[in-house]
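In case you want the letters, here they are:
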Amino acid sequence: AFVYSEQIKDLGARSLNQHNSCLLAVKNQLSSAFRTALTPRSAAIGRALILGERDGIDAQLRSYFLATGSMHILAVSGMHIGLLILVLLQILGLLSRWVSRKQALFLVLFIVWYYAVLTGLSASVLRSVFMFSVLLLSQLSGRQMSQLSALFFSAFCLLLYDPRYLFDLGFQLSYLAMLGIYLYYEAIRATLQFRWKILTHLWDGTALGLAATLTTLPLSLYHFHLYPNYAQIANLCLMSLSSLILVVGMFFPFLQALPWLDRLSAFVLETSIRWMLDIMRFFSEAPGALAKGFVLPFWWVLLFWLATYYLFYGLQSQHKYFAQLGFIGSLLFMAQQRQRKLQEQQTT
């Protein structure tokens, strides 16, 4: 953009209050731990994954995440919060002799909310932190709230706080992913059973990704007009590795203050990030990594959602055949629109 000099106005430096300046100082200190112990590229990815600082992510790295459908790993999201809560509960479980269950839950809530504020309180982080807070507080009261109810309650409260979240694409995709997991994960998971635990673990991760994709795919195609063809395979390869990076990365700045563990954690994090980049590079450079040219109307998005819902919950009713025809028809229409767009691009 071109801007004339007379259109620029110096507003001066904005003074931070004591709380914000303290948070900024803590975040800078945590960020420096990554820069000091890791190579520049690994430090950039570590800061983006853990602290939400994406200034070091260049176009090439961004293309790797985009081509493998792994942008959710790059952004601080509900996966980070869920893993953090899981690790904290396991650590505090080992200290159950000295820390009561009530104290452990309050401590976990304090840590996750502090981490959410530290990373910028994005819509996806707010959703997950608030939803997990509702679930944890329901355990304190002795009442069990369903996860689906907690999901909708958190959305309702966040929209009361800021109604503009409704038009935030990150907010929409975050809630759609969780809705897909709650609606379709168990049904997809039950379709295949394995004797070996490793295959069961891999299938559970695949089913989780497929369930989230069923609800996020229509809106992603509507906005971005492309789809990473190797997303499911790539995420299957990255599932355990990315979890290891997130867990080690969250505690990495604190591990750097401990002897022996500082070098070990740096080696583990550096090696894991390099392996992750190698996997992403392989899939992003494979033939046909990205399918482009999807130009779809919004009514198709609604049709896909309705057809998917009835495909899972209307199979034993009179809507069985309508659901199957609607689901297949929406896929055919998607393919036809993409083919027509590609033909128009070739002719021009």
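Residues numbered from 1 in each chain as written. Predicted model: local features only at pLDDT ≥ 70, side-chain atom pairs only at ≥ 80, totals over all residues. Heavy atoms only, no water.

Draft legend 1. Spatial organisation of the overall build of the protein chain. Counting its regular elements, the protein chain contains 14 helices and 2 strands. Expressed as a percentage of its 348 residues, the buried residues of the protein chain come to 41%. Across the protein chain, every contact between residues at least 6 apart in sequence was considered, and the portion connecting residues at least 24 apart equals 69%. Surface exposure of the protein chain reaches about 20,500 Å², of which carbon and sulfur atoms provide 65%. (Helix = DSSP H or I, 4+ residues; strand = E, 2+ residues; numbered from the N terminus. Buried < 20%, exposed > 50% of the residue type's maximum accessible area, 1.4 Å probe, protein only. Contact = heavy atoms within 4.5 Å. Areas by Shrake-Rupley, 256 points an atom, 1.4 Å probe, with all protein chains shown as cover.)

Draft legend 2. Highlighting the pattern of salt bridges. Across all of its chains, the model carries 6 salt bridges by this definition. A salt bridge links Arg189 to Glu186, with the shortest nitrogen-to-oxygen separation between them at 3.9 Å. Taken together, the positions of Arg189 and Glu186, both in helix α9 (residues 169-189) and 3 residues apart, correspond to about one turn of that helix. Taking the relative accessible area as the measure of exposure, Arg189 reaches 32% and is therefore partly exposed. Beyond isolated ion pairs, a larger network of salt bridges with shared partners links Glu186, Arg189 and Asp204. (Salt bridge = Lys/Arg side-chain N within 4 Å of Asp/Glu carboxyl O.)

Draft legend 3. Inspection of a nonpolar patch on the surface at higher detail. A cluster of nonpolar side chains, Leu192, Phe194, Trp196, Ile198, Leu199 and Leu202, forms an exposed patch at the surface whose accessible area comes to about 570 Å². Along the chain, Trp196 turns up in the loop between α9 and α10 (197-224). Residue classification places Trp196 among the exposed residues on the basis of a relative accessible area of 56%. (Patch = residues over 30% accessible without salt bridge, like charges linked within 9 Å, V, L, I, M, F, W, Y side chains within 5 Å.)

Draft legend 4. Local environment of unusual backbone geometry. Positive phi is not limited to glycine here, since His225 has a value of about 60°. You can see His225 is positioned in the loop between α10 and β1 (226-228). Judged by relative accessible area, which is 33%, His225 ranks as partly exposed. Here the phi dihedral of Trp260 falls at roughly 70°; this positive angle occurs in a residue that is not glycine. As for its placement among the helices and strands, Trp260 is situated in the loop between α11 (231-255) and α12 (261-284). Residue class for Trp260 comes out exposed when judged on its relative accessible area of 77%.

Draft legend 5. Spatial organisation of the nonpolar core. If you look at the biggest cluster of nonpolar residues, it comprises 45 residues, and the most contacted ones within it are Phe34, Ile45, Ile50, Leu269 and Met276. Residue assignment for this core shows that the elements contributing at least two residues are α1 (18-37), α2 (40-51), α3 (59-67), α5 (78-94), α6 (101-118), α7 (123-140), α11 and α12. With 8 residues, α6 is the largest single contributor of residues to this core. Membership of the second largest hydrophobic core comes to 23 residues, among which are Leu135, Ala155, Tyr175 and Leu183. (Core = buried A, V, L, I, M, F, W, Y, C linked by side-chain atoms within 4.5 Å.)

Draft legend 6. Spotlight on the environment of Ser265. Mapped onto the elements, Ser265 comes out in helix α12. Residue classification places Ser265 among the buried residues on the basis of a relative accessible area of 6%. Each C-alpha atom, one on Ser265 and one on Phe251, is 9.1 Å from the other, the two residues being 14 residues apart in sequence. Each residue touching Ser265, except ones within four places of it in the same chain, is listed here: Val248, Phe252, Leu255 and Gln256. Polar contacts involving the side chain of Ser265 include one to the side chain of Gln256, which spans 3.0 Å. Separated by 3.0 Å, the side chain of Ser265 and the backbone oxygen of Asp262 make a polar contact. (Polar contact = N/O pair within 3.5 Å; in protein donor to acceptor, adjacent residues only side chain to side chain.)

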